[in-house]
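Inside the fold
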Amino acid sequence: MEKTPIGHDSLAEMLKDSTLELKMKNDIYSTYQLIPPAHLSDMKTTVICPATQKHVKKYQVQETFLVEETEEDYRSITLPYIQSQSFSVQWVYNILEKKAEAERIICEDPDPKTGFVLLPDFKWDMKQLDDLYLIAIVRSRDIKSLRDLRSEHVPLLENILRKGQEAILKKFSVPACKLRIYLHYQPSYYHLHVHFTSLSHDAPGCGVERAHLLSDVILNLKGSPMYYQKRPLFFPLQADDNLAVKFREAGKLPNC
Ligand code: G7M
C-alpha cells in the first residue's frame, strides 16, 4: 500500500475538511496529525497473486549491502543465477504481444531491433503528474540488462530516449528537462527496459547505487563499445536475496 502525492486540486479541500490534532508547537513551527476526509484518504494498492517466495523477499525490509561485480563475477556468479532463477518476464511478453495493458500504451515502435513499447509503470496510478512513472520495454528479447549493452545498441537507446521524450511531452506536457530517464542494475526483470520518472519525484530505485542515466549509458557506449561488459558494476543487494547468497558463497560479499 502506498500513499501517493497529494494532488493540487485536492489540497484546498484537504485543509478545509480534515481534522487536525496538534502534536508540537514551538515559535512559528507546529506539527499535526491530519485525518483527511474518507474520500481523500485512498491508497494505491498492488496485489501479486500468487506470490513466489522471491516476491515476498523483494517487498520485505532487509539489511542491504553494496556489491562490486567484475566482468568475471558476472560470468561465473550473476549470469548462472539469472538463467536459473530470475522472475518470469511473462508480463513483459503480454505487453509486447498486446495481451495485457494494450489500452495503456503511450507510444510504440514496431521495429524488431530498435523498437519498444512505452506505457505507465504500475507504480504510477496516473492521478497526478508529480509522480509520473513510465517504462519503455524493448522489443528485442535477447538483451537481459545493462551488462549486455554494446555500441550496436546505441540506435535502440537513442530511439527510446528521443521518442519517449516526445511522446511524454505530447501526452502529458512534461518536457524532457523535467524527466529522469534511466536503467536499473540489477533490474528485477531481465528483459531490457528503461524507466522514465518525474525529476521532482524521488522514485524508489532512482539512487546512484542502482540507476544509470540513459544519456550517460549512450555516451559511455559511444566512447567504448564494450564499456558495460568490461567494467565492474556496483549495486545493492538485500541480505537474503539469492544473488547475495551466491556472492557470499564465492567470498565476494564483504562481512560488514
Ligand atoms: O528495473 P526493474 O526490473 O527493477 O523495474 C521493473 C519495473 O517494472 C518496476 O518499476 C515495476 O513497477 C514495473 N512493473 C512490474 N510489473 C510486474 C509490471 C506490470 O505488470 N505492468 C507494468 N506496467 N509495470 C510493471
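Residues numbered from 1 in each chain as written. Predicted model: local features only at pLDDT ≥ 70, side-chain atom pairs only at ≥ 80, totals over all residues. Heavy atoms only, no water.

With an unreviewed UniProt entry as reference, the protein chain is termed m7GpppX diphosphatase, source organism Alosa alosa. A UniProt comment under Subcellular location (unreviewed entry) is attached to the protein chain, and it reads "Nucleus". (UniProt positions renumbered as here; feature names shortened; annotations may be inferred.)

Residues annotated by UniProt as "active site" (unreviewed entry) correspond here to His193. Mapped onto the elements of the fold, His193 is located in strand β8 (residues 193–198). Residues contacting His193, with those up to four places away along its chain left out, are Ala136, Ile137, Leu183 and Pro187. In terms of polar contacts, His193 uses its side chain to reach the backbone carbonyl oxygen of His191, at 2.7 Å. (Helix = DSSP H or I, 4+ residues; strand = E, 2+ residues; numbered from the N terminus. Contact = heavy atoms within 4.5 Å. Polar contact = N/O pair within 3.5 Å; in protein donor to acceptor, adjacent residues only side chain to side chain.)

What follows covers empty space enclosed by the protein. Scanning all chains against the criterion turns up one cavity of 30 Å³ or more. Roughly 40 Å³ of internal volume is contained in the largest cavity. Taken together, Lys144, Ser145, Leu146, Leu183, His184, Pro187, His191, Leu192 and His193 make up the full set of residues lining the largest cavity. For the lining of the largest cavity, the class distribution of residues is four nonpolar, four polar and one charged. (1 Å grid on protein atoms, 1.4 Å probe; cavity = no way out; pocket = protein on both sides within 12 Å on 5 of 7 lines; lining within 4 Å. Points joined across faces, edges and corners; volume = space filled by probe spheres on them. Nonpolar A, V, L, I, M, F, W, Y, C, P; charged D, E, K, R; others polar.)

Look at helix α5 (residues 154–172) against helix α6 (residues 214–223): their axes get within 10 Å of each other, and the N-to-C directions meet at 155 degrees. Relative to α6, the element α5 is oriented roughly antiparallel. In this structure, α5 meets α6 at a crossing whose hand is left-handed. For the pair α5 and α6, contact is made by Val154, Leu157, Glu158, Ile160 and Leu161 and by Leu214, Ser215, Val217, Ile218, Leu221 and Lys222, respectively. Looking at the contact of α5 with α6, its residues break down into eight nonpolar, one polar and two charged. (Axes fitted to C-alpha atoms, helices over the stretch in contact; angles between N-to-C directions. Parallel < 35°, antiparallel > 145°, perpendicular 65-115°, else oblique. Left-handed = near helix turned anticlockwise from the far one by under 90°.)

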